[in-house]
Amino acid sequence: MFVRRATAEDRVVMERLWLLFRHDMSEFQGQLPRPDGSYRTEWLEKVLSGDPEWAGYLFTDGESPIGFCFMRALQQPVHVLNAFFMVRPVRRNGLGLRAVRDVLAHHPGPCDVAFQDNNEKAVRFWQRVATAVSGDVWTQERRSIPGKPDEKPDVWISFKVA
């Protein structure tokens with residue numbers, strides 16, 4: 001597996017992976033596609049446009065794209081691991097943890113990641129990531145979603161990347 005920074009030249013593959021990611025997330029967030037079959041893309045656009053607060057990473061296995069990770073708040077005291085996706089055939093074999101660790105190595109310091117607690121696999125995965133990265137020095141809490149007071153809060157894990 002190879003992890004590298006995504007660029008504007010990766011637009012087509014990132015757009016395709018993004019659709020897979022948003023489809024997977026729709027199970028937990030209840031979001032339907034737009035009339036044209038797409039999902040919201042503002043995070044992807046920030047990554048591909050070179051926004052200095054965002055960084056995207058593409059994961060490949062040989063010539064095959066297998067996932068991505070987005071980091072945001074890069075110029076803030078606490079970075080946020082904003083989106084993470086691996087295609088189904090490579091899940092649950094340690095590649096996800098390896099990919100996250102490779103990405104986080106580029107962003108030392110305090111880091112947060114949010115997820116939905118009804119996504120049981122994500123709960124276990126992010127707890128495992130936090131422990132692998134910072135031992136038992138991490139926290140988990142529920143935080144309301146800004147501007148969406150009626151929605152169930154997200155779960156946030158906070159840890160420090162050495």
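Small disclaimer: the values here were computed from a predicted structure and weren't measured.

Moving on, we get to unusual backbone geometry. The phi dihedral of Ala 73 falls on the positive side, at around 60°, and the residue is not glycine. Mapped onto the secondary structure, Ala 73 falls in the loop between β3 (64-72) and β4 (79-86). In this structure, Arg 92 takes a positive phi of about 60° despite not being glycine. Note that Arg 92 resides in the loop between β4 and α3 (95-104).

Across eight bridges, strand β2 (residues 54-61) lies against β3 in antiparallel orientation. Counted as the bridge partner of Gly 56 is Phe 70 from β3. The turn joining β2 and β3, which pair antiparallel and follow one another in sequence, is formed by two residues; a positive phi near 65° is taken by Gly 62. For β3 and β4, the ladder comprises six bridges, and the chain directions are antiparallel. Considered in β4, the bridge of Phe 70 is made with Ala 83. What sits between β3 and β4 in their antiparallel hairpin is a turn of six residues, with Ala 73 showing a positive phi close to 60°.

To continue, consider the nonpolar core. Residues Phe 59, Phe 70, Leu 81, Phe 84, Leu 104 and Trp 126 are the most contacted members of the largest nonpolar core, which totals 48 residues. When neighbours within four sequence positions are excluded, Leu 104 is seen to be in contact with Met 71, Leu 81, Cys 111, Val 129, Val 133, Phe 159 and Val 161.

With that out of the way, let us pick up the layout of surface pockets. When its volume is computed, the largest pocket comes out at roughly 1,500 Å³. For the lining of the largest pocket, the elements supplying multiple residues, two or more each, are α1 (11-29), β4, α3, β5 (109-115), α4 (120-134) and β7 (154-161). In terms of residue class, the lining of the largest pocket is built from 23 nonpolar, 10 polar and 17 charged.

Let's shift gears to α3. Here α3 has its buried residues at Leu 95, Gly 96, Ala 99, Val 100, Val 103 and Leu 104. Buried residues of α3, seen end-on, are gathered within an arc of 165° and therefore sit on one face of the element.

Locating Asn 82 in the fold gives a position in strand β4. Apart from residues no more than four positions distant in its own chain, Asn 82 is found in contact with Trp 43, Trp 54, Phe 70, Met 71 and Arg 72.

This paragraph deals with the sheet that holds β4. Ordered in space as β1-β2-β3-β4-β5-β7-β6, the seven strands form an open sheet in which the pairing is mixed. Of all the strands in the sheet, just β1 (2-5) and β6 (139-143) have a single pairing partner and so form its edges. Sheet twist, expressed as the average angle between the axes of neighbouring strands with direction ignored, equals 30°. Here β5 runs beside β7; their pairing, made up of seven bridges, is antiparallel. Looking at the pairing, Gly 109 lines up with Val 161 of β7. Its contacts with the sheet put α1 on β2, β3 and β4, and the angle it makes with β3 is roughly 75°. Packed onto the sheet, α3 meets β1, β2, β3, β4, β5 and β7 and runs at close to 145° relative to β4.

What counts and how
- Residues numbered from 1 in each chain as written.
- Predicted model: local features only at pLDDT ≥ 70, side-chain atom pairs only at ≥ 80, totals over all residues.
- Heavy atoms only, no water.
- Helix = DSSP H or I, 4+ residues; strand = E, 2+ residues; numbered from the N terminus.
- Pairing = 2+ DSSP bridges.
- Core = buried A, V, L, I, M, F, W, Y, C linked by side-chain atoms within 4.5 Å.
- Buried < 20%, exposed > 50% of the residue type's maximum accessible area, 1.4 Å probe, protein only.
- Contact = heavy atoms within 4.5 Å.
- 1 Å grid on protein atoms, 1.4 Å probe; cavity = no way out; pocket = protein on both sides within 12 Å on 5 of 7 lines; lining within 4 Å.
- Points joined across faces, edges and corners; volume = space filled by probe spheres on them.
- Nonpolar A, V, L, I, M, F, W, Y, C, P; charged D, E, K, R; others polar.
- Arc of directions from axis to C-beta.
- Axes fitted to C-alpha atoms, helices over the stretch in contact; angles between N-to-C directions.

Purely spatial values, then, with no claim about function.
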